[in-house]
Amino acid sequence: MSDNKLNAAQQSGAVQTTGHAWDGDLQEYNNPLPRWWLWCFYGTVVFSVLYWFIYPSWPVGQTWLKGFGKVDYTIVDKKTNKVEEREQRWNTRALLLADLGEAANNEQRKAMLSKVRAASHDQIVKDPKMMEFVRSVGKGLFGDNCAACHGRGGQGVVGMYPNLSDDDWLWGGSMDKIHETLVQGRKGFMPAFEGVLKPEQLDDVAEYALVLSNEAKPSEASERGKEIFQGQIGGCYYCHGADAKGVPSQGAANLTDKIWTIANVPAQKTLQDKKAVLKTLIANGVNNTRIMPAWKGRLNDDDIKLLAVYVQQLGGAK
Amino acid sequence: MTMRHEQVETNSALMLLLILAVISVGGLVEIVPLFSINETIEKVEGVRPNTPLEIRGRDIYIREGCYLCHSQMIRPFRDEWLRYGHYSLAAESQYDHPFQWGSKRTGPDLARVGGKYSNQWHVQHMKAPRSVVPQSIMPNYPWLLTNDLDYSDVADRMRALRVTGVPYSLTQQEYDANVKRFGPTVADQLDISKAEDNLLKEARDKNFDGIPGRVTEMDALVAYLQSLGTMVDFTKYDEGYFATFR
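Along each chain, the written sequence defines residue order, and numbers are assigned to residues from 1. Written order determines the labels here, with chains lettered from A and ligands numbered from 1. Where totals are concerned, whole chains, interfaces and linings use all residues; where local detail is concerned, this predicted model gives features only for residues with pLDDT of at least 70, and gives and counts side-chain atom pairs only at 80 or more. Derived side-chain values reflect all non-hydrogen atoms in the structure, with water molecules and hydrogen atoms excluded from consideration.

Novice: What should I look at first to understand the overall build of chain A in this one?
Specialist: Check the secondary structure of chain A and you find 13 helices and eight strands. The atom set for the radius of gyration is the C-alpha atoms, and the globule formula is 2.2 Å times the number of residues raised to the power 0.38. The C-alpha radius of gyration of chain A comes to 36 Å, more than 25% above the 20 Å expected for a compact globule of 318 residues. Expressed as a percentage of its 318 residues, the buried residues of chain A come to 39%. Contacts spanning at least 24 positions in sequence make up 50% of the contacts within chain A whose residues lie at least 6 apart. For chain A, the accessible area works out to roughly 19,400 Å², and carbon and sulfur atoms hold 56% of it. Counting from the N terminus, the helices are the DSSP runs of H or I reaching at least four residues and the strands are the DSSP runs of E reaching at least two. Think of it in three bands: residues with accessible area under 20% of the maximum for their type are buried, residues over 50% are exposed, and the middle band is partly exposed, with areas taken using a 1.4 Å probe on protein chains only. For this analysis, residues touch if any pair of their heavy atoms sits within 4.5 Å. Shrake-Rupley sampling with a 1.4 Å probe provides the accessible areas, and residues are treated as covered by the protein chains on show and by no other component.

Here you go:
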């Protein structure tokens, strides 16, 4: 670096300096840009002028130059429900519409979708091609919209979000019922029995709930519990049914199986603890804590139908 | 007097001024005209300024740095449309100061998260994200549930936003204008003199955090999250309409 000797070309004056000199002798060479680079540069300048004409560009008063670029797209008119071809000046929103239209027009997908749309539930389930389609689309939809609550595989979280991967349903497992669940959402409600029932009565009815699910053997306490359950004081039968198998129109759980959706009975080791979680649940009831959002408006009708089949299949229903 | 190269290069103050002048051209050309162009903001119904409780929720959102991982702008691309829903409109962030658009997405976009989950899910997810989404890398925010919400200065915050052009009302005249524009229910929420009462009422009535009788920071944050992207009813509009605005 300290070697300030000039090379031959520089000495001969072939490379010029900018003409400035600092500190008496500090000069700067003026090396011209390579020709290819310059031409590229001029090219971009020319393109920028073309760009003004093709794409939206300069502001002019209260509007702007809209450009000559055009995008064609097809869209279903909301009022007439007819498919329309439209032309629109270039912009990213119009491009999206074109892209969505193209995706919807993808022959395979379109054919599949119209088949699924027209098919009854039984027809879909029996057709392996349609089911393959349902699974591939359903998996994505479920991951984006449902997995945060129900878990990736639909296994749920005891106490908070029901398991969708078993064939046990609060609101009914038929295609129609699941469809209804998705469209309008669900809200689990059971009144709090604290204050309505005395602590001993809560104990008894919890004991009966254990007997119902075969966790405990019938006893005097459970007999008293049964009376409360089936009688007017408790009125549990009103929602859970006289056979305690649940009433889907109320979203009330089946209490006779080993599947627990709120009270985490299986996680408790002793009978004492099992009874305690049930007692707490019956005392507190369920209000405003178990809410399934409504999906109408967020998802379109096709998506909801596909999801309903997907979810039902998660549960292994026939 | 002609200005020479040398004069600029040897006078740093002058050079600084000239640099500022040159680099502001881009911003001036791209941004300033938007203020006078009629079609910058789409004409849609339903967009309203935040309620006092949502304002505090938004402040907490910013305080906790949620924007470092979450954007609030769905771009007009197919993949985003399919995952998040309708792309964001300029109209939807017209009252946002500062806006929360962003491009950093460690977590998902939140522009339309309102209504997607229940309040209870949000509370659980804020407290311990991995208890509902096992793979999540979002931090825990347990203090939101234990901190009482400080709302003593909410009216001042509304006054400050009013200066930036958000139509919170101070006078009867402004209030009447809001009634005309947003209807009486929303206009009441925008009335600065009722800010604290409105905040407390909303928090108690809707009890976002699930703790009755207390107003926590969680109440405010969840109220804010539940409002995101819910104000425009897109079923009312023809999609082609929005495409005429850009």
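Novice: What is the right way to read the packing of aromatic side chains from this model?
Specialist: Aromatic ring pairs are defined here through the distance separating the ring centres and the angle between the ring planes. In summary, the pairing rule links any two rings of Phe, Tyr or Trp, Trp by its six-membered ring, whose centres are within 6.5 Å, and it sorts them by plane angle into stacked for under 30 degrees, edge-to-face for over 60 and tilted for everything else. Summed over the entire model, instances satisfying the criterion amount to 20 aromatic pairs over all chains. Ring centres of Tyr208 of chain A and Phe229 of chain A lie 5.3 Å apart, and the angle between their planes is 65 degrees; on these two criteria the pair is classed as edge-to-face. Taken together, the residues Tyr208 of chain A in helix α9 (residues 199-212) and Phe229 of chain A in helix α10 (residues 220-230) connect sequence positions 21 residues apart. According to the relative accessible area criterion, Phe229 of chain A is buried, its value standing at 4%. Three or more aromatic residues joined by ring pairs form one cluster here, namely Phe234, Tyr237, Tyr241, Phe242 and Phe245 of chain B. In this structure, Lys66 of chain A packs its charged tip against the face of Trp64 of chain A, placed 4.2 Å from the ring centre. Both a distance and an angle decide whether a charge sits over a ring: NZ of Lys or CZ of Arg must be within 6 Å of the ring centre and within 35 degrees of the ring normal.

Novice: For this particular structure, what's the right way to read helix α11 (residues 217-227) of chain B?
Specialist: Side chains three or four residues apart in an α-helix point the same way, a direct result of the helix having 3.6 residues per turn. Residue and element names in this part refer to chain B. Among the eleven residues of α11, eleven are classified as buried, and the element is accordingly described as predominantly covered. Among all positions of α11, only Glu217, Met218, Asp219, Ala220, Leu221, Val222, Ala223, Tyr224, Leu225, Gln226 and Ser227 are buried. Looking at the packing, one finds that the buried side of α11 touches α3 (52-63), α5 (119-127), α6 (143-146) and α10 (195-206). At the C-terminal side of α11, Gly229 shows a positive phi close to 75 degrees.

Novice: So what exactly am I meant to see when it comes to unusual backbone geometry here?
Specialist: Residues other than glycine predominantly adopt negative phi, and peptide bonds predominantly adopt the trans conformation. A cis geometry characterises the amide bond from His97 of chain B onward to Pro98 of chain B, with omega recorded as -10 degrees. Turning to its location among the elements, Pro98 of chain B is positioned in the loop between α4 (78-84) and α5. At Asn81 of chain A, a residue that is not glycine, the phi angle is positive and equals roughly 65 degrees. Relative to the helices and strands, Asn81 of chain A resides in the loop between β5 (70-76) and β6 (83-89). Take Asn81 of chain A: its relative accessible area is 63%, and that puts it in the exposed class. For Asn214 of chain A, which is not a glycine, the phi torsion comes out positive at approximately 65 degrees. Residue placement: Asn214 of chain A occurs in the loop between α9 and α10.

Novice: Can you walk me through the domain arrangement of chain B in this structure?
Specialist: Interface size, as often reported, equals the accessible area lost upon joining of the parts. Reported domain spans reflect what an automatic or database domain assignment gives. Partitioning chain B into structural domains gives domain 1 (2-36) and domain 2 (52-245). Spacing between the C-alpha centres of domain 1 of chain B and domain 2 of chain B amounts to 39 Å.

Novice: Just to check I follow, could you spell out the interface of chain B and chain A for this structure?
Specialist: Facing 44 residues of chain B, the contacting portion of chain A comprises 38 residues. Buried area between chain B and chain A, summed over both chains or domains, comes out near 3,500 Å², and the portion from carbon and sulfur atoms is 54%. Accessible area, probed at 1.4 Å, shrinks when two parts are joined; the buried area is that loss added up over both. In terms of surface lost to chain A, no three residues of chain B exceed Arg78, Gln120 and Arg246 of chain B, which account for 18% of the buried area on that side. Salt-bridge contacts for Glu42 of chain B lead to Arg93 of chain A; the nearest nitrogen and oxygen are separated by 2.7 Å. We call two N or O atoms a polar contact when they sit within 3.5 Å, provided that within protein one can donate a hydrogen and the other can accept it, with sequence-adjacent residues counted only if both atoms are side-chain atoms. In this structure, the connection of chain B to chain A is made through 15 residue pairs in polar contact (both at pLDDT 80 or more). Elements with a contribution of two residues or more to the side of chain B that touches chain A: α1 (5-10), α2 (12-36), α4, α5 and α12 (239-242) of chain B. For the side of chain B that touches chain A, the leading source of residues is α4 of chain B, giving four residues. When its residues are assigned to classes, the side of chain B that touches chain A shows 20 nonpolar, 14 polar and ten charged. Whenever a carboxyl oxygen of Asp or Glu lies within 4 Å of a side-chain nitrogen of Lys or Arg, that contact is scored as a salt bridge. Residues were grouped as follows: Ala, Val, Leu, Ile, Met, Phe, Trp, Tyr, Cys and Pro as nonpolar; Asp, Glu, Lys and Arg as charged; and all remaining residues, including Gly, as polar.

Novice: How should the packing of helix α6 (residues 128-145) of chain A against helix α13 (residues 301-314) of chain A be read in this particular structure?
Specialist: A pair of packed helices can be characterised by two numbers: the angle between their axes and the separation between those axes. Residues and elements named next belong to chain A. Between the N-to-C directions of two axes lies an angle of 0 to 180 degrees, each axis being a line fitted to C-alpha atoms and, for a helix, fitted only over the stretch in contact. The N-to-C vectors of α6 and α13 enclose an angle of 100 degrees; their axes lie 8 Å apart at closest approach. The angle between α6 and α13 places the two elements in the roughly perpendicular class. Listed contacts from α13 to Met131, Phe133, Val134, Arg135, Val137, Gly138, Lys139, Leu141 and Phe142 of α6 are Asp303, Leu306, Leu307, Val309, Tyr310, Val311, Gln313 and Leu314. Residues of the contact of α6 with α13, tallied by class, amount to twelve nonpolar, two polar and three charged. Orientation labels follow simple angle bins: below 35 degrees gives roughly parallel, above 145 gives roughly antiparallel, 65 to 115 gives roughly perpendicular, and whatever is left gives oblique.

Novice: Is there a simple way to think about the packing of α3 of chain B against α11 of chain B in this case?
Specialist: Residues and elements named next belong to chain B. In contact at an axis separation of 7 Å, α3 and α11 are set at 100 degrees when each is read in the N-to-C sense. On the basis of the axis angle, α3 is roughly perpendicular to α11. Note on element contacts: α11 touches α3 through Glu217, Asp219, Ala220, Leu221, Ala223, Tyr224, Leu225 and Ser227, opposite Leu53, Glu54, Arg56, Gly57, Arg58, Ile60, Tyr61 and Arg63. A per-class count over the contact of α3 with α11 returns eight nonpolar, two polar and six charged.

Novice: Looking at this structure, I do not really get the pairing of β5 of chain A. What am I missing?
Specialist: Regular strands show a simple pattern: their side chains alternate between the two faces of the sheet. Taking every second residue as pointing to the same face, the buried face of β5 of chain A carries Val71, Tyr73 and Ile75 of chain A, while none of Lys70, Asp72, Thr74 and Val76 of chain A on the other face is buried. In this antiparallel pair of consecutive strands, β5 of chain A and β6 of chain A, the connection spans six residues, and Asn81 of chain A shows a positive phi of 65 degrees. If DSSP finds at least two bridges between two strands, the strands pair.

Novice: How should the state of the cysteines be read in this particular structure?
Specialist: Residue and element names in this part refer to chain A. Any pair of cysteine sulfurs within 2.5 Å is marked as a disulfide. The tally for this structure, following the rule as stated, stands at zero disulfides over all chains. Cys236 forms no disulfide, and the closest cysteine sulfur to it belongs to Cys239, at a distance of 8.7 Å. Judged by relative accessible area, Cys236 falls into the buried class, the value being 13%.

Novice: How should I be thinking about α2 of chain B in this particular structure?
Specialist: Residue and element names in this part refer to chain B. The end-to-end C-alpha distance of α2 is 36 Å, a good match for the 36 Å that 25 residues give at a rise of 1.5 Å each. Bend is computed residue by residue as the angle between axes fitted to the seven residues ending at the residue and the seven residues starting at it. A maximum bend of about 40 degrees is found in α2 at Leu28. One side-chain oxygen of the residue at the start of α2 lies 3.3 Å from the amide nitrogen of Ala13, identifying that residue as Asn11. An expected span of 1.5 Å times one less than the residue number is assigned to each helix.

Novice: Any chance you could explain the confidence of the model for chain B here in plain terms?
Specialist: Values of pLDDT, the confidence the predictor places in each residue, fall between 0 and 100. Summing up the model confidence of chain B, the mean pLDDT is 93 and the portion of residues at 70 or higher is 99%. This complex was scored by the predictor with a pTM of 0.88 and an ipTM of 0.85.

Novice: How should the pattern of salt bridges be read in this particular structure?
Specialist: Between side chains of opposite charge, a pair can form as their charged atoms come close. By the definition in use, this model includes 37 salt bridges over all chains. The partner of Asp109 of chain B in a salt bridge is Arg105 of chain B, with the nearest N and O atoms 3.2 Å apart. Overlapping salt bridges, with partners in common, bring together Asp77, Glu84 and Arg86 of chain A together with Asp238 of chain B in one network.

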